[in-house]
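Here's the letter readout for the chains.
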Amino acid sequence: MRYKIILASNSPRRKELLAGLGMPFEVKVLKDIDESYPEDLPVSEVALYIAGKKADAYRDTLANDELVITADTVVIVGDDILGKPVDEADAARMLRLLSGCTHQVTTGVCMLTTTQERRFAVTTDVTFKELSDEEIHYYISHYKPFDKAGAYGIQEWIGYIGVTGLQGSYYNVMGLPVQRIYETLRQLDK
């Protein structure tokens, strides 16, 4: 790889997933990046929009041999985006919305160097069984999913017992579509 890779995320899941590609990288996170988006933006475009805003914040800080990867993941139910829950009641509300239905998880990614930029979004359909209140409360009390969009981590207990179907990238649901990132890195390195 001709670039030093920078992951612009403190997410332990994103660090783990990128490390799985076997390429060295460092984590560098700028503070106070505005993650707002226009209210009239279609929900399917929000993750890519925010990933782009994150990348723009790094644009003037990159050296010629650096490549920054920014990402944003959203959980979409119908026309609504489920962000990170603010408390237990909010997490329970979100999990009830996901219970017994299929929703979308979209991750927007921006890969930026001083001379090139690649932006893409990956969407995965996830189907949950009907979750009981007991299962929801057990998950929230034991796993504290307050740092996760949609109030769940597919790699945790709730994913083991609740996910009945998946169409698309499992790793995208965890927060980083590593297969697509790998292919894009290969193209940028040519």
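Q: Help me understand the overall build of the protein chain, please; the structure alone is not making it clear to me.
A: Secondary structure summary: the protein chain contains seven helices and seven strands in total. In terms of overall dimensions, the protein chain is globule-like: its C-alpha atoms have a radius of gyration of 17 Å, near the 16 Å expected for 190 residues. C-alpha extents for the protein chain along the principal axes are approximately 55 × 35 × 25 Å. A fraction of 66% describes how many contacts in the protein chain between residues 6 or more apart in sequence connect residues 24 or more apart. As displayed, the protein chain has an accessible area near 9,500 Å², and 47% of this comes from carbon and sulfur atoms. Placing the 21 positive and 28 negative side-chain charges of the protein chain at their respective mean positions leaves the two points 7 Å apart.

Q: Would you mind going over the environment of glutamine 116 with me for this structure?
A: Checked against the element boundaries, glutamine 116 lands in the loop between β5 (102-112) and β6 (117-128). Along the primary structure glutamine 116 and leucine 188 are separated by 72 residues, whereas in three dimensions their C-alpha atoms are 8.0 Å apart. At 3.4 Å, the side chain of glutamine 116 forms a polar contact with the side chain of arginine 118.

Q: In this structure, what is going on with the nonpolar core? I would like to understand it.
A: Nonpolar side chains in soluble globular proteins generally cluster together in the buried interior. Counting residues in hydrophobic clusters, the biggest one holds 40 residues, and the most contacted among them are Leu67, Ile69, Leu95, Leu98, Met111, Tyr152 and Ile181. Those residues in contact with leucine 95 that sit more than four places away from it in its chain are Leu131, Ile136, Tyr139, Ile140, Gly150, Ala151 and Tyr152.

Q: Help me understand a nonpolar patch on the surface, please; the structure alone is not making it clear to me.
A: Nonpolar side chains collect at one region of the surface, where Leu166, Tyr170 and Tyr171 lie side by side and expose about 270 Å² of accessible area between them. Within the secondary structure layout, tyrosine 170 lies in helix α6 (residues 170-174). On the basis of relative accessible area, tyrosine 170 is assigned to the partly exposed category, the value being 30%.

Q: Explanation requested: the packing of helix α3 (residues 88-98) against helix α4 (residues 133-143) in the structure shown.
A: Between two packed helices, both the angle of their axes relative to each other and the distance between the axes serve to describe the pair. Following both chains from N to C, one finds α3 and α4 inclined at 135 degrees, their axes separated by 10 Å at the closest point. If you check the angle between α3 and α4, you find them oblique. The two elements α3 and α4 cross, and the hand of that crossing is right-handed. Contacts from Glu88, Ala91, Ala92, Leu95 and Arg96 of α3 reach α4 at Asp133, Ile136, His137, Tyr139 and Ile140. For the contact of α3 with α4, a count of residues per class yields six nonpolar, one polar and three charged.

Quick notes on the rules
Residues numbered from 1 in each chain as written. Predicted model: local features only at pLDDT ≥ 70, side-chain atom pairs only at ≥ 80, totals over all residues. Heavy atoms only, no water. Helix = DSSP H or I, 4+ residues; strand = E, 2+ residues; numbered from the N terminus. Rg over C-alpha atoms; globule rule 2.2 N^0.38 Å. Contact = heavy atoms within 4.5 Å. Areas by Shrake-Rupley, 256 points an atom, 1.4 Å probe, with all protein chains shown as cover. Lys, Arg positive; Asp, Glu negative; His and termini not counted. Charge placed at Lys NZ, Arg CZ, Asp CG, Glu CD. Polar contact = N/O pair within 3.5 Å; in protein donor to acceptor, adjacent residues only side chain to side chain. Core = buried A, V, L, I, M, F, W, Y, C linked by side-chain atoms within 4.5 Å. Buried < 20%, exposed > 50% of the residue type's maximum accessible area, 1.4 Å probe, protein only. Patch = residues over 30% accessible without salt bridge, like charges linked within 9 Å, V, L, I, M, F, W, Y side chains within 5 Å. Salt bridge = Lys/Arg side-chain N within 4 Å of Asp/Glu carboxyl O. Axes fitted to C-alpha atoms, helices over the stretch in contact; angles between N-to-C directions. Parallel < 35°, antiparallel > 145°, perpendicular 65-115°, else oblique. Left-handed = near helix turned anticlockwise from the far one by under 90°. Nonpolar A, V, L, I, M, F, W, Y, C, P; charged D, E, K, R; others polar.

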